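# Coordinate inspection notes
Each chain is listed here by its residues.
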Amino acid sequence: MTVELVLLPRVAYRGQEITGSGPRSLLALLADSPRTGSSTNRLVEDLWPQKRPDHPAKALQILVSRLRARLGPELIASTPTGYRLTLSPDQIDASAVRLHAEASERAARAGEHAGALREAEAGIALCAGVTADPGDDPLAALRAARVPVLHALGRARALALARLGRPAEAVEPLRELAAAHPRDEEVLAELLRCEAVPEALIRYDAYRRALRAELGSDPGPALRDVYQGLLASDAPTVRQGVSEEPNPMLGRDKDVAAVADLLRTSRVVSIVGAGGLGKTRLANAVARQAEQRTVHVVGLAGVAADADVAGEVGSALGARPAGSAHAILDALGPGAALLVLDNCEHVVNGVAELVRALVSTSRDVRVLTTSRAPLRLAAESVYALPSLDLPTMVELFGQRARATRPDVDLPPAVVAELCTRLDGLPLAVELAAARVRVMSVTEIARRLDDRFELLRGGTRDAPDRHRTLHAVIDWSWHLLAPSAQAAMRTLSVFPGGFTAAAARHVLGSDSVLEQLVDQSLLRLTEGASGTRFRMLETVREFSSARREEAGETAAAVDRFLGWAGDADVWWAPDALGLPDVDNVRSEQDNLLQALRHGLDRQDGASVTATAAWLGSLWVTESNFTRLVALTRDTTWVLSHFRPGPDLVEATRMAAVLNAMIGFVMPDASPLRALAVLRRLPAPPPDNPIRAIDLALRARDTAALEALAGADSPLLAAMANYVLSYRWEQANEPELALAAARRMLAHLQADDMEMIRALAHSRVGELCLMVEPGEAAYLHISAALETAERLGWSTMTRGRWALAQANLQRGAWDEAERELVAATQDRGDDPVDAARFELCARAQIQLGRGDIDGGLRLWRQAAGPADPASFGTEFGLWPFEVEAGAVLVHAHYGRLGEVQDIVDALPEMLSGLLPTAPPIMLPVCGTLLTAMAVASSGPEAARLIALASRFGMVRGLRPDLTPELVASIGRQADGPAYDEAVSSYAGLGSADLKSEALAQVTGSRRNSSRAQP
């Protein structure tokens, strides 16, 4: 976080200088204990050590009050015994320097010297003004107390510079430290490495003599090792078997530094990772830069058996006899040496035996191995080589593709998409880039589904095992035992990784996982949901192909669906009656695949279970796009399924979700889902899902209203929830809002928070239509605050709704902030909000007085739209934008700028009216109003009278109140309006539609414009 309170170089809070000894001293005292603060008595003693005020507690209170008035009331909080700062330690420079010192020390212990340097320099930058003079006031004492921290930071910086291979920068600070602390052998060791050899040898000899004279002892073993290295430095440099780079190695600088750091502290380092990651190139890069004067690289790819490893290494080094560890050490020579053993995975036992013998016999030898599996030695540090990041992959692809064909076209989006699918493997990128000889990048990306056929034909100087992607994976595959190969074939049915428990479910045991991780065929990841195992997509496709060849796919999918449909895995009912949504979220990709398999097989149990688990997750995320698709895909299968006892509750969950979506979406029906519920045993109303089930079973509105008044608060609340949708579907939004408010009233403060949030959300969305503005804002805000506190991801749609409420209340700045936040955080719900955002920004500009800019955005929003998006855009009904554009242009007397939309209004209405369900009638009313303001006289008056009966969509035009609409009609022709209101008063919806169609067909536009 950013430092807000500065006390070391000066005294300031958020850039505001603080003067006066009293305020400065008080802040220094509180900053010295940022977490706990200080008691009143302690503050009084330290502020006035000599002569106290007559009323010290009151004087302290006045001092605090003045600081709060000056700097803000939130800075200093009262505690039961005194006061404390509300800032966290990293927001106060005096405590932040200690945090940087601690972080630098941790990084150095972990061998992360770049991080240690970064933290040390950040801490030093905060220490300007720190002196050893304690002074006579709390501020000076605070600064003096930071002097030891500053010294520690300087020491950490000097050591980090030396260990990062920056001797020119490190040598002077190290000399100063060695002079100040002559017995600090860690500092002395790094100084010796940074100085010229003759100077370093003289310094070591002087230290050794002084130590012997003063203490009668010798330097420590680490310092003696440095000395031995200096003595050997006069020997000629040996670099045998080290390859030079054929082209620049991208994205591996941090890895080279990390491996070099490990070699300083570990006798054996193994670079481990999947085939094609670039382990060999990395090892050679480390070898070229190695500190040791003797470096040998020996490739073991051609060694067939463990027993042949020592002989191969000895032969490469010229040892006699070749298979002897002692002979190999003699061949390496005296002094520090680095032996690099490349491609060890197929003879890992032989390599481990040789390396154990080498490091147990000589302390001067360091061994670096590359392998797909570690050696499992006590002296070994494993470096798991990460995949390349996407920007590096894109750069590498471009570099290699242009080397193959200089004039190749590299569309950035296509290249990025292609590289995303290559698992971060440099070899895969190189093979894909080589295909530009005969294919375009777009063709390569399109054919990547058959990657093993596509990615072949590498460079002629590549090893055989790297000529094709298939060969890379096949090399690892044949190192596995048959049981491990069988496990890989089965586990490849999981597209999203898996837990050990999931592996046990489909394999019967998880004992094979360790072997697969050791062979770099599985990656281990830690997350909020625990430990997961993942295959690279390349490995998964290879294993899937082997599964198909073995004829095991049907059986593997059976076991996979058994896991996905096992209620014991997922069903952990809490007060909400939902599955464990965190577990579902972590397995979402797997469950989606299980759902697809279930639908392909028309497997009712699998479809029902996965629909219940996924639906419960998407409800908590308000991911209506996915919920609608889920309902559409699963309703038929669900309606034909008869569950056993273990899936009754899952069936209930799936049917409740399907039914609710059927009520909400105009093109969906709840009837099949309701039939499923009525086949299930009636449950007690002991959780919301069961209570909704009982409400949905109500045969008519009267029965539902009876449940809405039930003695059970939960049943009454959920019945009112369902009733709100029934009334909304019947185009009775006021009654819907009243039901939603009754739902909220039945849920007291100690009820389940998320259900209250659901009630607030329901009231808020109805207020957007019926009582736009402040009420909608308050309820939507309450829903979002609860959801955020509980960690449920409802934020994207919630922010759009909050932006709409802010528009309705004229809070333009807040609306704009919510629009930006919603646009940046869309989650995985593909909310189509482009036209809504244009309309919202148009309203913001109009509200700020930019009429031309606002109307221009309205016209842009009302431009041609994809008819397939009607009804799917956030916050918009079909033709709502077109009607809104006409109304707002009429308001500003500029209808001529939207004449094309005005001309199209009759056609829009003619297409909508005949089949419009009741919930769509307000859209018709809004279109009729738009036609009216583009007309005049009796025709406009009659259109307005009709529109009043249909209702209005007020989301984007909250000012379209019944009173305003009536005034438009009377302004057009008062008597005609009153007559039309009277004649339309008794008509039902069917007659109203017929009358509206007749009016639309016979309408004539008048040149005079009514003003809304």
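Definitions and cut-offs
Residues numbered from 1 in each chain as written. Predicted model: local features only at pLDDT ≥ 70, side-chain atom pairs only at ≥ 80, totals over all residues. Heavy atoms only, no water. Helix = DSSP H or I, 4+ residues; strand = E, 2+ residues; numbered from the N terminus. Buried < 20%, exposed > 50% of the residue type's maximum accessible area, 1.4 Å probe, protein only. Contact = heavy atoms within 4.5 Å. Areas by Shrake-Rupley, 256 points an atom, 1.4 Å probe, with all protein chains shown as cover. Lys, Arg positive; Asp, Glu negative; His and termini not counted. Charge placed at Lys NZ, Arg CZ, Asp CG, Glu CD. Pairing = 2+ DSSP bridges. Axes fitted to C-alpha atoms, helices over the stretch in contact; angles between N-to-C directions. Phe/Tyr/Trp six-rings, centres within 6.5 Å; stacked < 30°, edge-to-face > 60°. pLDDT = per-residue confidence, 0-100. UniProt positions renumbered as here; feature names shortened; annotations may be inferred. Core = buried A, V, L, I, M, F, W, Y, C linked by side-chain atoms within 4.5 Å. Domains from an automatic or database assignment. Parallel < 35°, antiparallel > 145°, perpendicular 65-115°, else oblique. Left-handed = near helix turned anticlockwise from the far one by under 90°. Patch = residues over 30% accessible without salt bridge, like charges linked within 9 Å, V, L, I, M, F, W, Y side chains within 5 Å. Salt bridge = Lys/Arg side-chain N within 4 Å of Asp/Glu carboxyl O. Disulfide = S-S within 2.5 Å. 1 Å grid on protein atoms, 1.4 Å probe; cavity = no way out; pocket = protein on both sides within 12 Å on 5 of 7 lines; lining within 4 Å. Points joined across faces, edges and corners; volume = space filled by probe spheres on them. Nonpolar A, V, L, I, M, F, W, Y, C, P; charged D, E, K, R; others polar.

### Considering the overall build of the chain
Along its length, the chain carries 50 helices and 14 strands. Scored against the burial criterion, the 1012 residues of the chain give a buried share of 52%. Partitioning the intrachain contacts of the chain with sequence separation of at least 6 by distance along the chain shows that 67% fall at a separation of at least 24. With an accessible surface of roughly 43700 Å², the chain has 52% of that area assigned to carbon and sulfur atoms. Put simply, the chain has 106 plus and 127 minus side-chain charges, and the middle of one group is 2 Å from the middle of the other.

### Concerning the sheet that holds strand 5 (residues 76-78)
On the basis of which strands lie adjacent, the open sheet formed by 3 strands has the order 4-6-5 and antiparallel pairing. Each edge of the sheet is formed by a strand with only one pairing partner; in this case those strands are strand 4 (38-39) and strand 5. Pairing of strand 5 with strand 6 (residues 82-85) involves 3 bridges; the strand directions are antiparallel. The residue of strand 6 that forms the bridge with Ile76 is Leu85. Helix 1 (residues 21-31) contacts strand 4, strand 5 and strand 6 of the sheet and is inclined by roughly 80° relative to strand 6.

### As for the packing of aromatic side chains
Going through the model one piece at a time under the given rule, you end up with 10 aromatic pairs. Seen from their ring centres, Phe498 and Phe533 are 6.0 Å apart, and the 20° between their planes marks the pair as stacked. Linking Phe498 in the loop between helix 23 (482-491) and helix 24 (500-507) with Phe533 in strand 14 (residues 530-534), this pair joins segments that are 35 residues apart in sequence. Given a relative accessible area of 1%, Phe498 falls into the buried group. Note on Phe533: relative accessible area 10%, which makes it buried.

### Considerations on the confidence of the model for the chain
Reading predicted coordinates in detail is not appropriate for stretches of low pLDDT. Across the chain, pLDDT averages 85, with 92% of residues at or above 70. Counting contacts from residues 867-872, a segment whose pLDDT is below 50, to residues more than four positions away or on other chains yields 7 contacts. Below a pLDDT of 50 lies the segment residues 1004-1012, which in the model reaches 33 contacts outside its immediate sequence neighbourhood of four places, other chains included.

### A short note on unusual backbone geometry
Backbone torsion omega between Arg320 and Pro321 reads -5°, so that peptide bond is classified as cis. Positive phi, close to 50°, is recorded for Arg14, a residue that is not glycine. Note on Arg14: relative accessible area 54%, which makes it exposed. The backbone of Asn731 sits at a positive phi, close to 60°, despite the residue not being glycine. Tracing the backbone shows Asn731 in the loop between helix 37 (713-729) and helix 38 (733-746).

### A closer look at the sheet that holds strand 2 (residues 12-13)
Backbone hydrogen bonds hold the strands of a sheet together, and the pairing may be parallel or antiparallel. An order of 1-2-3 is seen for the 3 strands of this open sheet, with the pairing classed as antiparallel. Lying at the two open borders of the sheet, with one neighbouring strand each, are strand 1 (5-6) and strand 3 (16-17).

### Re the UniProt feature "domain: OmpR/PhoB-type" (unreviewed entry) in the chain
What UniProt calls "domain: OmpR/PhoB-type" (unreviewed entry) maps, in this numbering, to residues 15-85. For residues 15-85, helix accounts for 49% and strand for 15%, while the C-alpha atoms at its two ends are 17 Å apart.

### Examining the environment of Leu223
Take Leu223: it is sitting in helix 11 (residues 221-232). On the basis of relative accessible area, Leu223 is assigned to the buried category, the value being 1%. Linking Leu223 and Gly241, residues 18 residues apart in sequence, is a C-alpha distance of 30 Å. Filtering out sequence-adjacent residues up to four positions away, Leu223 remains in contact with Glu185, Leu188, Ala189, Leu192, Tyr204 and Tyr207.

### Considering the nonpolar core
Within the largest apolar cluster, 158 residues are counted, with the highest numbers of intra-cluster contacts made by Leu368, Phe397 and Leu696. Counting 70 residues, the second-largest nonpolar core is a separate cluster that includes Leu927, Met931, Val933 and Val965.

### Points about the domain arrangement of the chain
Here the domain parsing of the chain yields domain 1 (1-164), domain 2 (238-384), domain 3 (390-479), domain 4 (574-681), domain 5 (688-746) and domain 6 (881-1008). The centre of domain 1, based on its C-alpha atoms, is set 67 Å off from the matching centre of domain 6.

### Section: the packing of helix 24 against helix 27 (residues 553-564)
Where helix 24 contacts helix 27, the axes come no closer than 9 Å and their chain directions differ by 130°. The orientation of helix 24 relative to helix 27 falls into the category oblique. Between helix 24 and helix 27 the crossing geometry is right-handed. Seen from helix 24, the contacting residues are Ala502, His505 and Val506; seen from helix 27, they are Arg559, Phe560, Gly562 and Trp563.

### As for the side chain of Gln519
Examined against the element boundaries, Gln519 turns out to sit in the loop between helix 25 (513-518) and strand 13 (523-527). Residues in contact with Gln519, not counting those within four places in the same chain, are Glu345, Arg372, Ala373, Leu479 and Leu480.

### Concerning a negative patch on the surface
A contiguous patch of negative charge on the surface is contributed by Asp306, Asp308, Glu312 and Glu353. Relative to the elements of secondary structure, Asp306 occurs in the loop between strand 9 (294-299) and helix 14 (309-317). You can call Asp306 partly exposed: its relative accessible area is 34%.

### Considerations on the state of the cysteines
On inspection of all chains with the given rule, the structure shows 0 disulfides. Between Cys924, a free cysteine, and Cys839, which holds the nearest cysteine sulfur, the sulfur-to-sulfur gap is 19 Å.

### Some remarks on the side chain of Thr631
Mapped onto the fold, Thr631 is located in helix 32 (residues 624-639). Note on Thr631: relative accessible area 6%, which makes it buried. Those residues in contact with Thr631 that sit more than four places away from it in its chain are Leu657, Asn658 and Ile661.

### Thoughts on empty space enclosed by the protein
It is a probe the size of a water molecule, rolled over the atoms, that shows where empty space is left. For the structure on display, the rule yields 2 cavities of 30 Å³ or more. Roughly 40 Å³ of volume is contained in the largest cavity. Glu880, Gly884, Leu887, Thr926, Val953, Leu956, Arg957 and Leu960 together form the lining of the largest cavity. The greatest single-element share of the lining of the largest cavity, amounting to 3 residues, is contributed by helix 45 (residues 880-891). A per-class count over the lining of the largest cavity returns 4 nonpolar, 2 polar and 2 charged. Roughly 30 Å³ of internal volume is contained in the second largest cavity. Forming the boundary of the second largest cavity are Ala274, Gly275, Arg372, Val472, Ile473, Ser476, Ser520, Leu521 and Val539. Considering each element in turn, the lining of the second largest cavity owes the most residues, 3 residues, to helix 22 (residues 469-477). For the lining of the second largest cavity, the per-class residue count stands at 5 nonpolar, 3 polar and 1 charged.

### Here we look at the pattern of salt bridges
Inspection of every chain in the model, using the stated rule, returns 59 salt bridges. One salt bridge in this structure joins Arg504 and Asp510, with 2.7 Å as the shortest N-O distance. Arg504 gets classed as partly exposed once you look at its relative accessible area, which sits at 41%. In this structure, Asp852 engages Arg894 in a salt bridge whose closest nitrogen and oxygen atoms are separated by 2.8 Å. Residue Asp852 is found in helix 44 (residues 851-861), and its partner Arg894 is found in the loop between helix 45 and helix 46 (899-912); the two are separated by 42 residues along the sequence. Of the residues examined, Asp852 reaches a relative accessible area of 45% and is grouped as partly exposed. Within this structure, Arg155, Arg163, Asp184, Glu186, Glu190 and Arg193 form a network of salt bridges that share partners.

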